[in-house]
Amino acid sequence: MLIKITVAVLLFISPTFPQNLAQNGPWCVANRKVSDQVVQAAAVWTCQQSGADCSRIQLGQNCFLPDTIKDHAFVVFNTYYQHFKHQGGSCDFHGAAVITQTDPSHGSCQFESIPVSNYRAKMK
């Protein structure tokens, strides 16, 4: 009986099962269906008015490349969302952003994902 249960558990947690979805995400990224102009306006607001740290998209920093409006907005929107979602911050930016369960990290540009439960634990 124990062997059958063990095999069932091992099959459930096999490497083909997307385990990272249960542990990471969501991320907030630019909506690729929205024009660059709309995305850029939202990203500028996020950097200038919201208090989000946008230093990672500056020339020479780890998230500067690829140097496109939408790629920079991925970083900016996610930074804002991860740091303000526990205070009611959303991932919308007037339609310029969307939630994804796919980690947008690439190369040395790593996107953080902070579960809301982590904030709740810190607040207690």
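Above: the structure in question.
Everything quoted here is computed from the prediction, not taken from an experiment. (Residues numbered from 1 in each chain as written. Predicted model: local features only at pLDDT ≥ 70, side-chain atom pairs only at ≥ 80, totals over all residues. Heavy atoms only, no water.)

Brief notes about the packing of aromatic side chains
Turning to step 1, where the next piece is worked out: Overall, the coordinates contain four aromatic pairs when judged by the stated rule.
Turning to step 2, where the next piece is worked out: Here the aromatic rings of Phe 77 and Phe 93 are separated by 4.4 Å at their centres, their planes lie at 15°, and the arrangement is stacked. Note that Phe 77 is positioned in helix 4 (residues 69-84) and Phe 93 in the loop between helix 4 and strand 2 (97-100), a separation of 16 residues in sequence.
Turning to step 3, where the next piece is worked out: Between Tyr 80 and Phe 93, the ring centres sit 5.3 Å apart and the planes meet at 70°, which makes this aromatic pair edge-to-face. Taken together, the residues span a long stretch of sequence, with Tyr 80 in helix 4 and Phe 93 in the loop between helix 4 and strand 2 at a distance of 13 residues.
Turning to step 4, where the next piece is worked out: Classification of Tyr 80 as buried rests on a relative accessible area of 14%.
Turning to step 5, where the next piece is worked out: Here Phe 93 falls in the buried class, since its relative accessible area comes to 11%.
Turning to step 6, where the next piece is worked out: Every member of this aromatic cluster is reached through a ring pair, and the members are Trp 45, Phe 77, Tyr 80, Phe 84 and Phe 93. (Phe/Tyr/Trp six-rings, centres within 6.5 Å; stacked < 30°, edge-to-face > 60°. Helix = DSSP H or I, 4+ residues; strand = E, 2+ residues; numbered from the N terminus. Buried < 20%, exposed > 50% of the residue type's maximum accessible area, 1.4 Å probe, protein only.)

Section: the state of the cysteines
Turning to step 1, where the next piece is worked out: Across all of its chains, the model carries three disulfides by this definition.
Turning to step 2, where the next piece is worked out: Here Cys 47 engages in a disulfide with Cys 54; their sulfurs sit 2.1 Å apart. Judged by the sign of its S-S torsion, about -105°, the bond between Cys 47 and Cys 54 is left-handed.
Turning to step 3, where the next piece is worked out: Judged by its relative accessible area of 28%, Cys 47 is partly exposed.
Turning to step 4, where the next piece is worked out: Classification of Cys 54 by relative accessible area gives buried; the value is 10%.
Turning to step 5, where the next piece is worked out: Here Cys 63 is linked by a disulfide to Cys 109, with a sulfur-sulfur distance of 2.0 Å. When the S-S torsion is 100°, as for the bridge of Cys 63 with Cys 109, the disulfide is right-handed. Residue Cys 63 is located in the loop between helix 3 (36-49) and helix 4, and its partner Cys 109 is located in the loop between strand 2 and helix 5 (116-123); the two are separated by 46 residues in the primary sequence. Here Cys 63 matches Cys 109 in class, with each residue buried. (Disulfide = S-S within 2.5 Å.)

Section: the nonpolar core
Turning to step 1, where the next piece is worked out: Cys 28, Val 39, Phe 77 and Phe 93 are the most contacted members of the largest nonpolar core, which has 25 residues in total.
Turning to step 2, where the next piece is worked out: The set of elements that each furnish at least two residues to this core consists of strand 1 (27-30), helix 3 and helix 4.
Turning to step 3, where the next piece is worked out: Leave out the neighbours within four places in its chain, and Phe 93 touches Cys 28, Ala 42, Trp 45, Thr 46, Phe 77 and Tyr 80. (Core = buried A, V, L, I, M, F, W, Y, C linked by side-chain atoms within 4.5 Å. Contact = heavy atoms within 4.5 Å.)

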